[in-house]
Structure formats: C-alpha cells, structure tokens
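Residue-level structural notes
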Amino acid sequence: MDKTLWIKGGRVIDPKAQRDCIDDLFSLNGKIVPSLSKDQKASAQIIKANGLVVSPGLVDLNVDVCEPGNTHKEDMASGTRAACAGGFTSILCKPTTNPPCDNIGAVQYVKNIIEQNAVINAYPTGAITKELEENSLAPIGSLQKAGAVAISNGTYSVHNNELMRRAVEYANMFNMVILDHCQDRNLSDQGVMNEGPISLRLGLSGWPNAAEDIIVSRNVILATYTKAHIHLQSVSSGNAVDIIRRAKQRGVSISAETTPHHLFFNDESLLGYNTNFKVTPPIRSEADRLSLIEGILDGTIDCIGSNHSPHVQDEKNVEFDLAPFGAIGLETSLSACLEILYHSKKANLATTIDLLSKRPAEIINLKKGNLSAGSDADICIFDPDEERLIDENSFFSKSNNSPWIGESLRGVVKQTIINGKLIYNNGNFLDNEK
C-alpha cells in the first residue's frame, strides 16, 4: 500500500519556490507530490496544521555528535533526536571524533552508526588533515568515495598555508566544499573569552577578533587564487563580516555561517562567569553582534549553524578558565533565530527559514531544504508564536550546556517528518523512527 501523508491547512513556506500561503501539503512514498488521488487521501495519515507553519526540514552543517569517542556527552541516537526535536531533518557530523574521520574506515564506521542509530538524515564530514594535525593531507578523494559530503578539521583550523592551499585545490578537483572554523591558535590559545573591556573587568584572558580575521583573510586569498569554494563557519567578528562582504563583491567563492548564540548574546552575558557562555569562537561585543545581524540581512552571511558542542555538567561546573569550550544548540536554534530575526521584525519568516534550510543545503550541494514536488518529504511544522521557558531538564541531548537556560523563546516545533514519516510529534518520538 502507498505510504501517504496529508498535512492540512498550514502556512506552507518554501523559500526555494518563493511559496508562502495557507495550503495543504502532500507526501507519497517519502516524496513531496502536488496532490493525492481520492483513494490515497482516504488512506492518508492526516496532520492538522491550522495556525502552524509548514516548512522544509532544517539543515545544520555544524554539529558534533561525539560518536565515536565521547559518547558520555552525546551519541548518534541522542544527537539526532535532539536535532529532530529542534526541527532539523539533516545534519553534518563533524570529523573531530576519536579516532578522527580521516580515513575510509572511519567514514564507513560513522555511516554504519548513522544507519543503525540516527532518526534523521546525518552525513559524515571527512577531515582535511591526518589526525587533524598539520603534517599531511587526509586522502580527500577516497573520503568522498567513502561517503564524506564535505571536508573540515572541525574547530581545528589548518594553519599551514601551503597545506591548506593544497587541500583547497584537491577539494575543488572533487567538487567538495571545505568547511573552515577560522581561528589563528597563536593568537587565541591563551584566550577564554572575547578580548575587550569585559575580559579586563572579569580578569579573564582575552581572545582577539584578529585571531579570526587573519584566517578569514587567508581563506579569501586562497579562494581567490584557486577559484575553489571555502565555507567559513561560526563567524563571530564584525571585522570578518566586512572582509567577507568585500570578497563577495569581487566575486570570490566564499560562503559564511554564524551561530544563534553569536547573534543573540554579547560578551556582557559572561559577567556571571557562567561557563555555558564559554564557546569557540567567543561571544563577542555588542558591536560585533550587530555586525553579524547586518551581515545576515544583506546576504554577506549565508546561513546559520548551531555549532552544537555537548559537554556534561561535571566538565562545565568548574572554574571558567578550566571549562571546555562549547554549547549545545540544536533544540533552541529555530526559536532563537525567530526571536533575533522574525519577532524583532528585522526579517520575515521566509528569510528566517531560508537561513536554516535551503541555504545550508545549497552550500554543500545537498538535495534538501525545500518542498518542491519530487523532493524528499523532510518537513518541520512549528508554531512561531508559542512561548517556552528553556529548562535545563528539557533537552533530548545527553548534555544540557545551553546558554539559553532560563530564557523565554518564541517558536515551538510540533512535528518533524523524515522521508514522509512522522518521527517527532508534540514532544514525543514515535515508534516508526527512521
């Protein structure tokens, strides 16, 4: 029997098709279809979406699921459930596993874990260099053949400019995108928060904008010379936004992403020494935050990624200097972005959804993030106005190191559908998981 789904009466927003209207949406055997026959409608699973937004499933290029290696913090099952509860239907898994994803066997192992335990679409990212170190390149072509959809060193930017140039050239040969988390460790390694008046006031070592700006500039130069595409992740510096803007005006093949927490908070949030605000790159000044929002609105920054980085309480509940960098974000990304952009009236709902779905998918040539006929029926249904208080015990993630704990955010995911299957429904996961 045909597997049919009928979503009734929602506000369907599909940025790719520039569709924004009250309508029904149909799925047949895991694919979006224009309509269903009378008999198919009679047997269809019906979801009533009156008053709700029906959007493409969200896509995140910047997720640490910690498996293999650090499964006490997160694993594929918990990480993808957290993503699903946040409306994400596709994620890229960072290669910073233990061992790192720098060879065919490691990529295949991650693919096997995905097949066995993921409740959404998850894709492995291959490492740029062996062991994530500066000695030699990983076998980029072989990683692609094994199933890696992009290459990255996670939070470890490649400092060796010659090595990075060769990596960019090889990636371009295989039509792969390099994802780079831009930081010069010579400038950032001693820092634990943004360098500025607040770090001086708190007596904490500062991490200057220059650590990011230098690597962003280097990547712009390499993209200019090689004509290859480099995607800059977790952009936090207002100076970097300006560098990227001017590069794009010259036609350089650069794309960029920032995070919800860099758009939402500034470094004054660290005045209480809350280690959930200790992230990499650090949360910057208010001027930087406003520059990031301006970059989002004028298209300099292409998309938003969570940079989901789980750590358990025992790791975070220490002195600020000793705590690891990172915050979880999959379950709060949509609502945080709605607050920052839509509810503030800086951007409309379609633009906000676009930044979290179609645009990230297009950056790595992933056929996701749209509701066109024939595309996979990966769908997020949410109430953009419902308010919720973020509670430390409310996460599906194994970790709760969230900077939004105690914040009231508007935007609640009601249903998440993967390949035409209802996986998440009003706070519960169903038995028919992927």
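Throughout what follows, the structure given in this document is the object of discussion.

Calculation criteria
- Residues numbered from 1 in each chain as written.
- Predicted model: local features only at pLDDT ≥ 70, side-chain atom pairs only at ≥ 80, totals over all residues.
- Heavy atoms only, no water.
- Helix = DSSP H or I, 4+ residues; strand = E, 2+ residues; numbered from the N terminus.
- Rg over C-alpha atoms; globule rule 2.2 N^0.38 Å.
- Buried < 20%, exposed > 50% of the residue type's maximum accessible area, 1.4 Å probe, protein only.
- Contact = heavy atoms within 4.5 Å.
- Salt bridge = Lys/Arg side-chain N within 4 Å of Asp/Glu carboxyl O.
- Pairing = 2+ DSSP bridges.
- Axes fitted to C-alpha atoms, helices over the stretch in contact; angles between N-to-C directions.
- Left-handed = near helix turned anticlockwise from the far one by under 90°.
- Nonpolar A, V, L, I, M, F, W, Y, C, P; charged D, E, K, R; others polar.
- Core = buried A, V, L, I, M, F, W, Y, C linked by side-chain atoms within 4.5 Å.
- Polar contact = N/O pair within 3.5 Å; in protein donor to acceptor, adjacent residues only side chain to side chain.
- Disulfide = S-S within 2.5 Å.
- Phe/Tyr/Trp six-rings, centres within 6.5 Å; stacked < 30°, edge-to-face > 60°.
- Lys NZ or Arg CZ within 6 Å of the ring centre and 35° of its normal.

Some details on the overall build of the chain
When its secondary structure is counted, the chain shows 15 helices and 19 strands. Against the globule reference of 22 Å for 434 residues, the chain gives a C-alpha radius of gyration of 21 Å, in line with a compact fold. Counting across all 434 residues of the chain, residues that qualify as buried make up 61%. Relative to all contacts within the chain whose residues are 6 or more apart in sequence, the contacts with residues 24 or more apart total 76%.

Quick notes on the pattern of salt bridges
Tallied over the full model, the rule gives 22 salt bridges. A salt bridge links Arg218 to Asp180; its shortest N-O distance comes to 3.6 Å. Pair noted here: Arg218 is in helix α8 (residues 210-226) and Asp180 is in strand β10 (residues 178-181), with a separation of 38 residues, a long-range link. Here Arg218 matches Asp180 in class, with each residue buried. A salt bridge links Arg359 to Asp354; the nearest nitrogen and oxygen atoms lie 3.1 Å apart. A network of salt bridges, in which partner residues are shared, links Lys31, Lys368, Asp376 and Asp378.

Some points on the sheet that holds strand β9 (residues 151-152)
Read from one edge of the open sheet, 5 strands run β9-β10-β13-β14-β15, paired in parallel fashion. On the outer flanks of this sheet lie β9 and β15 (303-304), each paired with one strand and no other. Where strand β13 (residues 230-233) meets strand β14 (residues 254-258), 3 bridges bridge the pair, whose relative direction is parallel. Each bridged residue has a counterpart across the sheet, and for Ile230 the counterpart in β14 is Ile254. Each of β9, β10 and β13 touches helix α5 (residues 161-173); the most contacted strand, β10, lies at about 150° to it.

Points about the packing of helix α2 (residues 76-85) against helix α3 (residues 104-117)
For the pair α2 and α3, interaxial distance at closest approach is 9 Å and the crossing angle is 60°. For the element pair α2 and α3, the recorded crossing hand is right-handed. Facing α2, whose interface residues are Met76, Ala77 and Thr80, α3 presents Val110, Ile113, Ile114 and Asn117. Classifying every residue of the contact of α2 with α3 by side-chain character gives 5 nonpolar, 2 polar and no charged.

What about the nonpolar core?
Burial of nonpolar side chains together is a common tendency in soluble globular proteins. In this structure, Met76, Ile91, Ile178 and Leu232 are the most contacted members of the largest nonpolar core, which totals 81 residues. The contacts of Ile178, once residues within four sequence positions are left out, are Ile128, Ile151, Met164, Ala167, Val168, Ala171, His229, Ile230 and His231. In this structure, Phe265, Val279, Phe320 and Trp404 belong to the second largest nonpolar core, which totals 18 residues.

Description of the pairing of strand β2 (residues 19-28)
With 9 bridges connecting them, strand β1 (residues 4-14) and β2 associate as antiparallel partners. Residue pairing across strands places Asp14 opposite Arg19, the latter belonging to β2. What sits between β1 and β2 in their antiparallel hairpin is a turn of 4 residues, with Gln18 showing a positive phi close to 50°. As judged from the 3 bridges shared by β2 and strand β3 (residues 31-33), these two strands associate in the antiparallel manner. If you follow Ser27 over to β3, its bridge partner there is Ile32. As consecutive antiparallel partners, β2 and β3 are separated by 2 residues, and within that stretch Asn29 has a phi angle of approximately 50°, a positive value.

Focus: α2
Extensive coverage of α2 is indicated by the burial of 8 of its 10 residues. Those residues of α2 that fall on the buried side of the exposure criterion are Met76, Ser78, Gly79, Thr80, Ala82, Ala83, Cys84 and Ala85. On its buried face, α2 is in contact with β7 (88-93), α3, β8 (121-124), β17 (408-418), β18 (421-425) and β19 (428-429). Here α2 starts with a cap whose side-chain oxygen sits 3.2 Å from the backbone nitrogen of Ala77, and that cap is Asp75. Phi turns positive one or two residues past the end of α2, at Gly87, with a value near 90°.

Points about helix α14 (residues 349-356)
Each full turn of the α-helix corresponds to 3.6 residues, which orients residues three or four apart in the same direction. Of all 8 residues in α14, 6 are buried; the element is thus mostly enclosed. Taking the backbone nitrogen of Ala350 as reference, a side-chain oxygen 3.3 Å away marks Asn348 as the first, capping residue of α14.

Points about the state of the cysteines
Within this structure, the stated rule accounts for 0 disulfides. Free cysteine: Cys84, not disulfide-bonded; nearest cysteine sulfur from Cys380 at 9.2 Å. The class for Cys84 is buried, based on a relative accessible area of 0%. We note that Cys337 lacks a disulfide partner, and the nearest cysteine sulfur, in Cys303, lies 10 Å from it. Among the residues examined, Cys337 registers a relative accessible area of 0% and is labelled buried.

Structural notes on the sheet that holds strand β6 (residues 58-63)
Taken in spatial order, the 3 strands of this open sheet run β6-β7-β8, and their pairing is parallel. The two strands at the open ends of the sheet, each matched to only one other strand, are β6 and β8. Across the sheet, the mean angle from the axis of one strand to that of its neighbour is 15°, orientation sign disregarded. The pairing of β6 with β7 spans 4 bridges and is parallel.

Quick word on the side chain of Ser399
Locating Ser399 in the fold gives a position in the loop between β16 (379-389) and β17. Accessibility expressed as a relative area gives 1% for Ser399, which makes it buried. Of note is the side chain of Ser399, whose polar atom sits 3.4 Å from the backbone oxygen of His311. Those residues in contact with Ser399 that lie beyond four places of it in its chain are Lys73, Pro310, His311, Val312 and Ile328.

Some remarks on the packing of aromatic side chains
In the structure shown here, the tally under the stated rule is 9 aromatic pairs. Measuring from ring centre to ring centre gives 6.0 Å for Phe264 and Trp404, while their planes differ by 70°; the resulting arrangement is edge-to-face. A residue pair is termed long-range when its members are at least 10 positions apart, and Phe264 in helix α10 (residues 260-264) and Trp404 in the loop between β16 and β17 qualify at 140 residues. Judged by centre distance (5.4 Å) and plane angle (45°), the ring pair of Phe265 and Trp404 falls under tilted. A residue pair is termed long-range when its members are at least 10 positions apart, and Phe265 in the loop between α10 and α11 (286-297) and Trp404 in the loop between β16 and β17 qualify at 139 residues. Its relative accessible area of 5% is what places Phe265 among the buried residues. One aromatic cluster in this structure is built from Phe264, Phe265, Phe277 and Trp404. Positioned above the aromatic ring of Phe429, the side-chain terminus of Arg81 is 4.2 Å from the ring centre.

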